[in-house]
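# Notes for the structure review
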Amino acid sequence: LVARALAGRPRLLLLDEAMNGLDEGHRRRLGRVLAQLARTSVTLVATSHRPEDVPAGITRAAWVEDGQVRRCPVRQAVARLARARPVPARRTRGPGRRRDPYLSLAGVRVYRDDRPALRQLDWTLAAGDHWVVTGRNGSGKRTFLGLLYGTWPAALGGRVLRRGHPPGTPLDDIRAGIGLVSPELQAEYDAGSTLEEIAVSGLRGSVGLDEPATPAERRAARRALALLDLEPLADRRPREVSYGELRLALIARAWVHEPGLLLLDEPFTGLDPARRAQLKAALTRLARRGTRLVMAVHHHDDVPPVVNRRLHLVAGRGRERPWPATSRR
């Protein structure tokens, strides 16, 4: 999409959180391109929630808050973003592993468009496990989450075992115990629904609502929105809130039926530092209530303190690595 914007050789380039969803290598690559552009006649205007995502060569800055735009020195703006970043909490380890895992994969392969996306993957989600999934863009993180949700089937020869769901269990029954948040889901939202109705749709496993929500459904939706401090925005529609607030509403949608497993694909995308801290705290509370977390991230400091295991993917092959990571950037 950045290449698309550059193809017309613009005089003014507007970038809204352009680094979102990029792994470290791709962020460096895009950063070099933007630094080169900053030395040309192109005027660059970029938004950022993270200090490391501010392009090199930026000469002016503005801080936007409550609809007010205030100019400030670039160093001051970057320092303010850095100060807003929460200090990682002490991480805790879950209870011992059970012999009967909640979910396990053995020799799993997944093909997408006739190409291998996951290769000979062995993995177990046991009691007390909360996983972070890492890897470069294209390594298979999204396919892995889709496999757990049932979007992508395992190729012949691989085994996917789910506690309480013998082979042949209908997919709708499996998904009843899983919540999912992904960029694709955000792209498919119903623009005419309120945030409350979006949360209600999680109870029905739909994108929109065919029938009005019942009072019980509305109460459940309000509880889920309140967990993320979104209840004051319950009557607003997606185009009346920010990208990050819509992402939080989709997380409320994923949790509204209190699933046993929550799958999160880059859940912190579009969130400012305060909202990121709030979401980390909310996910920690959910995990301590018994919801298992499996989340794909590019920024290690986004990971909640309850996460205790890491799956690192390289070209579709997975390897468990220590977590917390021994080195942090």
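Just above, that's the structure.
### Here we look at the packing of aromatic side chains
- Tallied over the full model, the rule gives 2 aromatic pairs.
- Residues W123 and F144 carry aromatic rings whose centres are separated by 5.1 Å and whose planes lie at 90 degrees to one another, so their mutual orientation is edge-to-face. A residue pair is termed long-range when its members are at least 10 positions apart, and W123 in strand β6 (residues 115–125) and F144 in helix α4 (residues 141–149) qualify at 21 residues.
- Residue classification places F144 among the buried residues on the basis of a relative accessible area of 0%.
- Among the aromatic residues, ring-to-ring pairing joins W123, W131 and F144 into one connected group.
- The cationic tip of R292 hangs over the ring face of Y102; the distance from NZ or CZ to the ring centre is 3.9 Å.

### Considering helix α7 (residues 195–204)
- A large share of α7 lies buried, amounting to 7 of its 10 residues.
- Every buried residue of α7 is accounted for by L195, E196, I198, A199, V200, S201 and G202.
- In this structure, the buried side of α7 is in contact with α8 (215–227) and α9 (243–255).
- Looking one or two residues past α7, G205 carries a phi angle of roughly 65 degrees, positive in sign.

### A word on the sheet that holds strand β5 (residues 103–112)
- Overall, antiparallel pairing links the 3 strands, which are arranged β6-β5-β8 in an open sheet. Each edge of the open sheet carries a strand with a single partner, namely β6 and β8 (159–162). Averaged over all neighbouring strand pairs, the angle between strand axes comes to 25 degrees, with direction disregarded.
- As defined by bridge partners, β5 adjoins β6 across 7 bridges and the pair is classed as antiparallel. Note on β6: the bridge partner recorded for R112 is R115.
- Sheet strands in contact with α4 are β5, β6 and β8, and its direction is about 120 degrees off that of β5.

### Overview of the sheet that holds strand β12 (residues 309–314)
- Strand order in the open sheet formed by 6 strands is β9-β10-β11-β7-β12-β13, and the pairing between neighbours is mixed. Two strands lie at the open edges of the sheet, namely β9 (178–181) and β13 (317–321), each paired on one side alone. When strand polarity is set aside, the average angle formed by the axes of neighbouring strands in this sheet is 20 degrees.
- In this sheet, β12 lies alongside strand β7 (residues 131–134) in parallel orientation, the contact comprising 4 bridges. The partner of V133 across the bridge, within β12, is L311.
- Along the sheet face, α9 touches β9 and β10 (261–265) and points at about 170 degrees away from the line of β9.

### Here we look at the packing of α9 against helix α10 (residues 273–289)
- Where α9 meets α10, the closest approach of the two axes is 12 Å, and the angle between their N-to-C directions is 5 degrees. As far as their axial angle goes, α10 and α9 are roughly parallel. Seen from α9, the contacting residues are E245, L248, I251 and W255; seen from α10, they are R275, L279, L286 and R289.
- By residue class, the composition of the contact of α9 with α10 is 5 nonpolar, no polar and 3 charged.

### Some points on the nonpolar core
- Grouped together as the largest cluster of nonpolar side chains are 43 residues, with contacts concentrated most on L228, L279 and L283.
- Elements that contribute at least two residues to this core include exactly α7, α8, α9, β10, α10 and β11 (292–296).
- At 8 residues, α9 tops the list of elements feeding residues into this core.
- When neighbours within four sequence positions are excluded, L228 is seen to be in contact with L248, I251, A252, R275, Q278, L279 and A282.

### Some details on the pattern of salt bridges
- Enumeration according to the criterion identifies 13 salt bridges in this entry.
- Close ionic contact of R142 with D265 constitutes a salt bridge, the shortest N to O distance being 2.6 Å. Of the two residues, R142 is situated in helix α4 and D265 in strand β10; the sequence distance between them amounts to 123 residues.
- Of the residues examined, R142 reaches a relative accessible area of 39% and is grouped as partly exposed.
- Each member of the salt-bridge network shares a partner with another, and the members are E196, R218, R222 and D235.

### Details of α8
- Its 13 residues give α8 an end-to-end C-alpha distance of 19 Å, which sits within 8% of 18 Å, the value for a rise of 1.5 Å per residue.
- Listed as buried for α8 are E217, A220, A221, A224, L225 and L227. Summarising the axial view, the buried residues of α8 lie within an arc of 150 degrees, below the 170-degree limit, and thus occupy one face. Every exposed residue of α8 that faces more than 90 degrees away from the buried side is listed here: P215, R219 and R223.
- Close packing links the buried residues of α8 with α7, α9 and α10.

Quick notes on the rules
- Residues numbered from 1 in each chain as written.
- Predicted model: local features only at pLDDT ≥ 70, side-chain atom pairs only at ≥ 80, totals over all residues.
- Heavy atoms only, no water.
- Phe/Tyr/Trp six-rings, centres within 6.5 Å; stacked < 30°, edge-to-face > 60°.
- Helix = DSSP H or I, 4+ residues; strand = E, 2+ residues; numbered from the N terminus.
- Buried < 20%, exposed > 50% of the residue type's maximum accessible area, 1.4 Å probe, protein only.
- Lys NZ or Arg CZ within 6 Å of the ring centre and 35° of its normal.
- Contact = heavy atoms within 4.5 Å.
- Pairing = 2+ DSSP bridges.
- Axes fitted to C-alpha atoms, helices over the stretch in contact; angles between N-to-C directions.
- Parallel < 35°, antiparallel > 145°, perpendicular 65-115°, else oblique.
- Nonpolar A, V, L, I, M, F, W, Y, C, P; charged D, E, K, R; others polar.
- Core = buried A, V, L, I, M, F, W, Y, C linked by side-chain atoms within 4.5 Å.
- Salt bridge = Lys/Arg side-chain N within 4 Å of Asp/Glu carboxyl O.
- Expected span 1.5 Å × (residues − 1).
- Arc of directions from axis to C-beta.

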